Amino acid sequence: MEAAVFILSLIDCCALIFLSVYFIITLSDLECDYINARACCSKLNKWVIPELVGQALATVLMLVSMHWFIFLLNVPVAAWNIYRFLKVPMGNMGVFDPTEIHNRGQLKSHMKEAMIKLGFHLLCFFIYLYSMILALIND
């Protein structure tokens, strides 16, 4: 049971790493003017809810399996994703809005957030991998 939880978490974490890299590449393309703001925001907003669900799934898996340290490690990122999704101003296209992405340094803050999430997911990947190996050895 414990190994299955960590295998699912590992798969989920791989998907979240992929999404973080995709966000970084798309925001870099916008920064270098390879794509326009509308196309960039449209691409990124499609993946906001799957990212939110993936992070929530990892958090719930750790809660259900009673791995408290890893659960507490995941809670702030899951809470941040939910907060960011719920606080989208009325009239905006989504979390990423083409009319505001160049204002007030939002592009830089979105890029910084994507880099921090990538680092977090890489850390979680190795924690899940170690925990999965440990669970398989102990079974």
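Residues numbered from 1 in each chain as written. Predicted model: local features only at pLDDT ≥ 70, side-chain atom pairs only at ≥ 80, totals over all residues. Heavy atoms only, no water.

In the nomenclature of an unreviewed UniProt entry, the chain corresponds to Protein cornichon homolog 4 from the organism Coilia grayii. One UniProt comment on the chain, placed under Subcellular location (unreviewed entry), says "Membrane". Under the UniProt heading Sequence similarities (unreviewed entry), the entry covering the chain gives this text: "Belongs to the cornichon family." (UniProt positions renumbered as here; feature names shortened; annotations may be inferred.)

Student: Which residues make up the packing of helix α1 (residues 2–31) against helix α3 (residues 48–64), and what values go with them?
Tutor: Two elements in contact, α1 and α3, have axes whose closest approach is 10 Å; the angle formed by their N-to-C orientations is 150 degrees. The pairing of α1 with α3 is recorded here as roughly antiparallel in orientation. Crossing handedness for the pair α1 and α3: left-handed. Judged by residue contacts, Val 5, Phe 6, Leu 8, Ser 9, Asp 12, Leu 16, Leu 19 and Phe 23 of α1 engage Val 48, Pro 50, Glu 51, Gly 54, Gln 55, Leu 57, Ala 58, Leu 61 and Met 62 from α3. Residue classes in the contact of α1 with α3 are distributed as twelve nonpolar, three polar and two charged. (Axes fitted to C-alpha atoms, helices over the stretch in contact; angles between N-to-C directions. Helix = DSSP H or I, 4+ residues; strand = E, 2+ residues; numbered from the N terminus. Parallel < 35°, antiparallel > 145°, perpendicular 65-115°, else oblique. Left-handed = near helix turned anticlockwise from the far one by under 90°. Contact = heavy atoms within 4.5 Å. Nonpolar A, V, L, I, M, F, W, Y, C, P; charged D, E, K, R; others polar.)

Student: A description of the UniProt feature "transmembrane region" (unreviewed entry) in the chain should follow, citing residues and the corresponding values.
Tutor: Taking the UniProt record as the reference, the feature "transmembrane region" (unreviewed entry) is found at residues 5–25, 56–83 and 118–137. Helix makes up 89% of residues 56–83 and strand 0%, with an end-to-end C-alpha separation of 12 Å. Regarding residues 118–137, the helix share stands at 100% and the strand share at 0%, and the terminal C-alpha atoms are separated by 29 Å.

Student: Describe the environment of Leu 19, and please don't skip the residues or the numbers.
Tutor: Take Leu 19: it is sitting in helix α1. The sequence separation of Leu 19 and Pro 50 amounts to 31 residues, and the corresponding C-alpha distance is 9.1 Å.

Student: I'd like a rundown of the side chain of His 121, residues and numbers included.
Tutor: For His 121, the location among the structural elements is in helix α5 (residues 106–138). With relative accessibility at 2%, the residue His 121 sits in the buried group. The contact partners of His 121, leaving out residues within four places of it in the chain, are Cys 13, Leu 16, Ile 17, Ser 20 and Gln 55. (Buried < 20%, exposed > 50% of the residue type's maximum accessible area, 1.4 Å probe, protein only.)

Student: So what's going on with the packing of α3 against α5? Which residues, and what values?
Tutor: Look at α3 against α5: their axes get within 14 Å of each other, and the N-to-C directions meet at 35 degrees. Along this stretch, α3 crosses α5, giving a crossing that reads as left-handed. Taking contact as the criterion, the partners of Glu 51, Gln 55, Ala 58 and Met 62 in α3 are, on α5, Lys 117, Phe 120, His 121 and Tyr 128. Looking at side-chain class alone, the contact of α3 with α5 contains four nonpolar, two polar and two charged residues.

Student: Before we move on, can you summarise unusual backbone geometry with the specific residues and values?
Tutor: Although it is not a glycine, Asp 33 sits at a positive phi angle of roughly 65 degrees. Relative to the helices and strands, Asp 33 is located in the loop between α1 and α2 (37–45). Residue classification places Asp 33 among the exposed positions, given a relative accessible area of 63%. Although it is not a glycine, Met 66 sits at a positive phi angle of roughly 60 degrees. With respect to the helices and strands, Met 66 occurs in the loop between α3 and α4 (68–86). Residue Met 66 is classed as exposed on the basis of its relative accessible area of 56%.

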